[in-house]
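Notes for the structure review
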Amino acid sequence: MKTNPNQFHVRKTLSIAIVLAIVAAQVPVRLIGQEIVLAGNYDRTNYNSSAYSVGLSSGNTYSVGASFTVAGTGDFNMTKVIVPLMTLSSIWGADPANYQISVVSDIGGKPVGNVVGSLTPVGPSPFGYGSANYTFGIPGLLHGGMNYWLLFQTISPANGCFGWNFSSSPSSTGIGYLAERWSSSGVPTGDWTISTGSGSVQPGFVIEGIAAVPEPRSQALLGLGLTGSMIYGFLRRRREQMP
């Protein structure tokens with residue numbers, strides 16, 4: 001039986017289209033507007049009772065920071081920062097107006113780069129009693145694969161103090177660069193003391209955001225899948241019409 005060359009060509013092209021569609025379908029594509037975790041060491045549920053002091057504690061005023069590297073590639077619009085904070089309103093009297101939470105660029109392993117985004121916490125003055133998660137909407141553009149710092153700083157003379165809790169398992173999570181600075185008189189503005197290693201446990205945090213634009217790889221794969229699907233549909237109809 002003689003084979004129609006056109007039928008052979010259609011079958012071959014149809015096979016290629018199916019393979020393209022299947023390959024593209026197996027690779028996840030990040031879409032604009034999909035909120036994802038960009039960095040963090042905290043599961044948002046379990047925090048450790050240990051905490052770093054931020055504010056006035058034992059005669060000194062403290063500010064604390066934790067480094068992080070943004071997961072993935074491409075640009076991301078930061079949407080929220082989640083941190084476990086401990087307050088004792090009847091004793092510490094922490095007033096949110098005296099503090100600032102910010103994300104800054106890393107330069108040479110220190111939190112001395114440009115400010116990506118910041119805010120002064122808004123809430124009851126003082127915050128409620130005990131430990132809880134606090135979510136802060138901090139806008140700013142982050143770049144995948146780059147290093148940043150999350151800072152919780154005292155910006156005005158404080159009569160109280162927050163505790164920035166560790167994550168649930170400080171021996172295995174949250175171990176990374178830690179920044180601290182303090183002053184025995186007034187607001188700490190000196191150099192940051194940077195430490196890392198097994199004894200330098202970061203406080204707990206989660207940073208979320210959305211892709212600013214689709215990754216080039218995701219765009220290509222999405223286009224590949226759509227092209228394969230369109231070719232498949234066209235050639236299938238053509239094949240059905242052949243004698």
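Structure: see above.
Heads up: these notes are all about the structure in this document. Just so you know, the residues in each chain are numbered from 1, in the order the chain's sequence is written. This being a predicted model, a pLDDT of at least 70 is required before a residue's local features are given, and a value of 80 or more before pairs of side-chain atoms are given or counted; all residues contribute to the totals for chains, interfaces and linings. Processing note: side-chain calculations cover all non-hydrogen atoms of the structure and skip hydrogens and water entirely.

Describing the pattern of salt bridges
Salt bridge, as used here, is a side-chain nitrogen of Lys or Arg placed within 4 Å of a carboxyl oxygen of Asp or Glu. Across all of its chains, the model carries three salt bridges by this definition. The shortest N-O distance in the salt bridge between Glu 35 and Lys 80 comes to 3.6 Å. Of this pair, Glu 35 sits in strand E1 (residues 35–40) while Lys 80 sits in strand E4 (residues 75–87); the two residues are 45 residues apart in sequence, bridging distant segments of the chain. You can call Glu 35 partly exposed: its relative accessible area is 38%. The residue Glu 208 makes a salt bridge to Lys 80 at a minimum N-O spacing of 3.8 Å. In this pair, Glu 208 is assigned in strand E13 (residues 206–211) and Lys 80 in strand E4, connecting sequence segments 128 residues apart. Burial status follows relative accessibility: with a 1.4 Å probe on protein chains alone, a residue under 20% of its type maximum counts as buried, one over 50% as exposed, and anything between as partly exposed. Take Glu 208: its relative accessible area is 6%, and that puts it in the buried class. What emerges from the salt-bridge pattern is a single network uniting Glu 35, Arg 44, Lys 80 and Glu 208. The helix and strand labels rest on DSSP assignments: H or I over at least four residues marks a helix, E over at least two residues marks a strand, and numbering proceeds from the N terminus.

Looking at the side chain of Thr 61
Checked against the element boundaries, Thr 61 lands in strand E3 (residues 60–69). Looking at Thr 61, the relative accessible area reads 7%, which means it is buried.

Re the nonpolar core
Residues Phe 68, Val 83, Leu 142, Leu 150, Phe 152, Trp 164 and Phe 205 are the most contacted members of the largest nonpolar core, which totals 33 residues. The element that contributes the greatest number of residues to this core is E4, accounting for five residues. Core analysis: the next-biggest nonpolar cluster, separate from the first, contains five residues, Val 104, Trp 149, Ala 179 and Trp 192 among them. Buried Ala, Val, Leu, Ile, Met, Phe, Trp, Tyr and Cys residues that are joined via side-chain atoms within 4.5 Å together make up what is termed a nonpolar core.

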